[in-house]
Amino acid sequence: VKWKGKDLFDLVCRTLGLRETWFFGLQYTIKDTVAWLKMDKKVLDHDVPTEEPKTFHFLAKFYPENAEEELVQEITQHLFFLQVKKQILDEKIFCPPEASVLLASYAVQAKYGDYDPNVHKRGFLAQEELLPKRVINLYQMTPEMWEERITAWYAEHRGRARDEAEMEYLKIAQDLEMYGVNYFAIRNKKGTELLLGVDALGLHIYDPDNRLTPKISFPWNEIRNISYSDKEFTIKPLDKKIDVFKFNSSKLRVNKLILQLCIGNHDLFMRRRKADSLEVQQMKAQAREEKARKQMERQCLAREKQMREEAERTRDELERRLMQLKEEATMANEALMRSEETADLLAEKAQITEEEAKLLAQKAAEAEQEMQRIKATAIRTEEEKRLMEQKVLEAEMLALKMAEESERRAKEADQLKQDLQEARESERRAKQKLLEITSKSSYTQSLNSSTTALPTDLPSFNLISESLSFDFKDTDMKRLSMEIEKEKVEYMEKSKHLQEQLNELKTEIEALKLKERETALDILHNENSSRGNSKHNTIKKVS
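Residues numbered from 1 in each chain as written. Predicted model: local features only at pLDDT ≥ 70, side-chain atom pairs only at ≥ 80, totals over all residues. Heavy atoms only, no water.

S.K.: Before we move on, could you go through the overall build of the protein chain and cite the residues and values that matter?
M.R.: A tally of helices and strands in the protein chain yields 14 helices and 11 strands. A total of 543 residues make up the protein chain; the buried ones form 41% of that total. On the protein chain, roughly 32,600 Å² of surface is accessible, and the fraction owed to carbon and sulfur atoms is 51%. (Helix = DSSP H or I, 4+ residues; strand = E, 2+ residues; numbered from the N terminus. Buried < 20%, exposed > 50% of the residue type's maximum accessible area, 1.4 Å probe, protein only. Areas by Shrake-Rupley, 256 points an atom, 1.4 Å probe, with all protein chains shown as cover.)

Below you can see the structure in the form of C-alpha cells.
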C-alpha cells in the first residue's frame, strides 16, 4: 500500500531482467486521458481508477533516434519490437503497403526461424495477423497472394536469428513518419485546431488531417524554454528573434503530460550526445560478448547441421546403392534360373535328337540290306528287271536321303551338345556374379550399420509536478544537430537497396489497388513520396 511508483516499476523491470529502464513507464487511463505513473509518488495517490484490480500497462514511453545504436539489451529490443508491431497493425503508425509486407516478412522470420519449404507449406500464415486491415482492404488480393509475397521475402532472410530479425524490423519502422510520435489536440491563439507531436527529435505542429508532414518543427537543440500556465503552453525558441509559440490544450492534465514527455525526450536527446555512462558501457560490453557467444553457437549449430545433412545424404546414397545391388542380385537370380531351365531343355532336346539319329541310322542300314537283297534276286524278265531297276533306283534315292538326314541329325546333335556346354558355362558365370553381388551387399550393410548418429542503478526520471517551467541550455547544440543530420543522410544511403526492393513490390501490386479505398493518410504518403520527401528531410525543411 505504501509503495511508490518507482517500487512497482523496479519490480516489473527486475522480473523482466530489464536494465535500460529509461525508455519505459507504467501507463494508465483516467477520464479518457492517458497518464504515466510518477516514480516519486505513491501508487494509490495517483488518480487511478477505483475499480479492482487496478491495471497498469508497461510500455515504452520514449523512443530511440537510432534503435540499432541505442537499444543494447535483447529484451529491450524485443519489447520495442512487440510495441511497434502492435501500433502498426492497430494503424496507430501509418505504414505504406510495400513496407508492411517487408515488415511482415521480418516478423515471420522472428517467430518461425529460417524458411523451410518442407515445413512452411502453403497456408502456414493463414492464422497470423501480419498486415494492417487498411492495407488488406486497399488491394484486390486474396490472403494466399499476400502470403506468397510475404513468403518470398521471408525466404531471403535465411540465417537471421530472432533478435537480428526484430532489429531489422525496428530499423525500417523508425523511418515511418508517425513512429514514436505522441499526438495532442491543441488550439493556437486564433482558435485554429492543430496537433502537437512530441518525439525524440523535438516538437512538431501538424494539421489535424495530416499527421505525416509537420507544418512547423522545433528541434530540441533549438528550444530554450518550455512552460505552461493552466491550459496555456509556451515554447520559447533558442533564437530570440523567432516569435514565442503559444497554444492551449483541452485539459491541465494534458499539459502536465506534454511537459513530462518533453523533459524525458530532451534528457535522452542530451544523453545521446554525451559519452556513455559506466553502466551503459558495461551493458554494451556484455551485449558484445553475448552476441559473440551466440554467433559461435550458431556457427557450431550450422556446422553440426551441415554434418548431419551430409551424413543423411551418405546414408541415402548407401541405401540407394543397396537397393540397386538387391535389384541386380534379383535379376541375376532370375537369369540363373532361366539359364538352368534352358540348359535342361537343351539337354532333353539333344537326347531326343540323338535317339532320332540312331533310329535313322538303323533305318538306313535296313534299307541298304533290302537293296542288297533286291540286287541278289535275279529277275529274268526284262519287265521285272526294269521294275527292279526302278525299285533299286528308288531304294538308292531313299537310302541317300536317309543318309543325309542321318548326317544332319548328327550335326544337330553335336550343335545341341555345344549349346548345352555354353548354357552350363553361362550358368557358371551367373552363379559367380551372384556370389560377387552378395559379397558387395553384405559389405554395404556392414558399412551402413557402422555409421553412428550425429549429435543433433537505475536512473530515475526527472519528472516535474510543482514547477511550471524547465530551461534547456547548450551552446553546442547547433553543431551537434548538423552531425545528427549527417548521420541520417548516411543511413538513408545505406537504405538505398532496401528502397529499391520496396519500390519493386509497390509497382507489382499497384495494378491491384482499389483507388476508392485509399485513406487520407495513403494519399498524403503518396504525395510525399512523389515529391521525394522523407521523415527526416521534411523535419529539416520545416525546422
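S.K.: With reference to specific residues and values, describe the pattern of salt bridges.
M.R.: Tallied over the full model, the rule gives 24 salt bridges. Lys-54 serves as the salt-bridge partner of Glu-52, at 3.9 Å between the closest nitrogen and oxygen. By relative accessible area, Glu-52 is classed as exposed at 64%. Its salt-bridge partner being Glu-70, residue Arg-272 comes within 2.6 Å of it at the nearest N-O pair. With a gap of 202 residues between them, Arg-272 in helix α8 (residues 252–272) and Glu-70 in helix α2 (residues 67–70) connect regions that are remote in the sequence. Looking at Arg-272, the relative accessible area reads 22%, which means it is partly exposed. (Salt bridge = Lys/Arg side-chain N within 4 Å of Asp/Glu carboxyl O.)

S.K.: Tell me what's going on with the UniProt feature "binding site: a 1,2-diacyl-sn-glycero-3-phospho-(1D-myo-inositol)" (unreviewed entry) in the protein chain, and back it up with residues and numbers.
M.R.: Within this numbering scheme, the UniProt entry marks Lys-38, Met-39, Asp-40, Lys-41 and Lys-256 as carrying the feature "binding site: a 1,2-diacyl-sn-glycero-3-phospho-(1D-myo-inositol)" (unreviewed entry). On the secondary structure map, Met-39 appears in the loop between β2 (33–36) and β3 (57–60). Looking at the secondary structure, you find Asp-40 in the loop between β2 and β3. (UniProt positions renumbered as here; feature names shortened; annotations may be inferred.)

S.K.: Give a description of the packing of aromatic side chains that names residues and reports values.
M.R.: When we look at a pair of aromatic rings, we describe it by the centre distance and by the angle of the planes. Applying the stated criterion to the full structure yields 18 aromatic pairs. When the centroid spacing of 5.5 Å and the interplanar angle of 80 degrees are considered together, the rings of Tyr-112 and Phe-124 count as edge-to-face. Remark: Phe-124 occurs in the loop between α4 (97–112) and α5 (133–138) and Tyr-112 occurs in helix α4; sequence separation between them is 12 residues. Judged by relative accessible area, which is 29%, Tyr-112 ranks as partly exposed. With a centroid separation of 6.3 Å and 35 degrees between ring planes, the pair formed by Phe-124 and Tyr-154 is classed as tilted. Of this pair, Phe-124 sits in the loop between α4 and α5 while Tyr-154 is found in helix α6 (residues 143–156), placing the two residues 30 residues apart along the sequence. (Phe/Tyr/Trp six-rings, centres within 6.5 Å; stacked < 30°, edge-to-face > 60°.)

S.K.: Help me get a handle on the sheet that holds strand β1 (residues 24–30), residues and values and all.
M.R.: What the three strands build is an open sheet, ordered β2-β1-β3; its pairing is antiparallel. This sheet does not close on itself; its edge strands, each paired only once, are β2 and β3. Between one strand and the next, the sheet's axes are offset by a mean angle of 45 degrees, whatever the strand orientation. The pairing of β1 with β3 spans four bridges and is classified as antiparallel. Along β3, the bridge assignment pairs Phe-24 with Ala-60. The sheet strands contacting α8 are β1 and β2, and the helix crosses β2 at an angle near 45 degrees. (Pairing = 2+ DSSP bridges. Axes fitted to C-alpha atoms, helices over the stretch in contact; angles between N-to-C directions. Contact = heavy atoms within 4.5 Å.)

S.K.: Describe unusual backbone geometry, naming the residues involved and giving the relevant values.
M.R.: Omega for the peptide link from Glu-52 to Pro-53 comes to -10 degrees, which places this bond in the cis form. At Glu-91, a residue that is not glycine, the phi angle is positive and equals roughly 65 degrees. Assessed through its relative accessible area of 37%, Glu-91 is described here as partly exposed. In this structure, Asp-230 takes a positive phi of about 55 degrees despite not being glycine.

S.K.: Go over the pairing of strand β9 (residues 232–237) with me, naming the residues and quoting the values.
M.R.: The pairing of strand β8 (residues 223–229) with β9 spans six bridges and is antiparallel. Opposite Asn-225, over in β9, you have Lys-236 as the bridge partner. The pairing of β9 with strand β10 (residues 245–249) spans four bridges and is classified as antiparallel. Residue pairing across strands places Phe-233 opposite Phe-247, the latter belonging to β10.

S.K.: Describe in detail the environment of Met-388, supporting the description with residues and values.
M.R.: Mapped onto the elements, Met-388 comes out in helix α10 (residues 382–449). With 13 residues separating them along the chain, Met-388 and Lys-375 place their C-alpha atoms 8.3 Å apart.

S.K.: So what's going on with the pairing of β10? Which residues, and what values?
M.R.: Put simply, side chains in a regular strand alternate between the two faces of the sheet. Burial along β10 is one-sided: the residues Phe-245, Phe-247 and Ser-249 are buried and none of Lys-246 and Asn-248 is. Pairing geometry for strand β4 (residues 182–187) and β10, over two bridges, is antiparallel. Pairing of Ile-186 across the sheet is with Ser-249, part of β10.

S.K.: Tell me about the environment of Gln-109, residues and numbers included.
M.R.: Structurally, the position occupied by Gln-109 is in helix α4. Overall, Gln-109 belongs to the buried group, its relative accessible area being 1%. Gln-109 sits 56 residues away from Ala-165 along the chain, and the two C-alpha atoms are 6.3 Å apart. Those residues in contact with Gln-109 that lie beyond four places of it in its chain are Asp-114, Tyr-154, His-157, Arg-158, Gly-159, Arg-160 and Ala-165. Of the polar contacts made by the side chain of Gln-109, one reaches the backbone oxygen of His-157; its length is 3.3 Å. (Polar contact = N/O pair within 3.5 Å; in protein donor to acceptor, adjacent residues only side chain to side chain.)

S.K.: I'd love a proper account of the packing of α4 against α6, names of residues and values included.
M.R.: Interhelical geometry of α4 versus α6 gives an angle of 65 degrees and a closest axis separation of 8 Å. For α4 against α6, the interelement crossing comes out right-handed. Only Trp-146, Arg-149, Ile-150, Trp-153 and Tyr-154 of α6 make contact with α4, whose side of the interface consists of Glu-98, Val-101, Leu-102, Ala-104, Ser-105, Val-108, Gln-109 and Tyr-112. Looking at the contact of α4 with α6, its residues break down into nine nonpolar, two polar and two charged. (Left-handed = near helix turned anticlockwise from the far one by under 90°. Nonpolar A, V, L, I, M, F, W, Y, C, P; charged D, E, K, R; others polar.)

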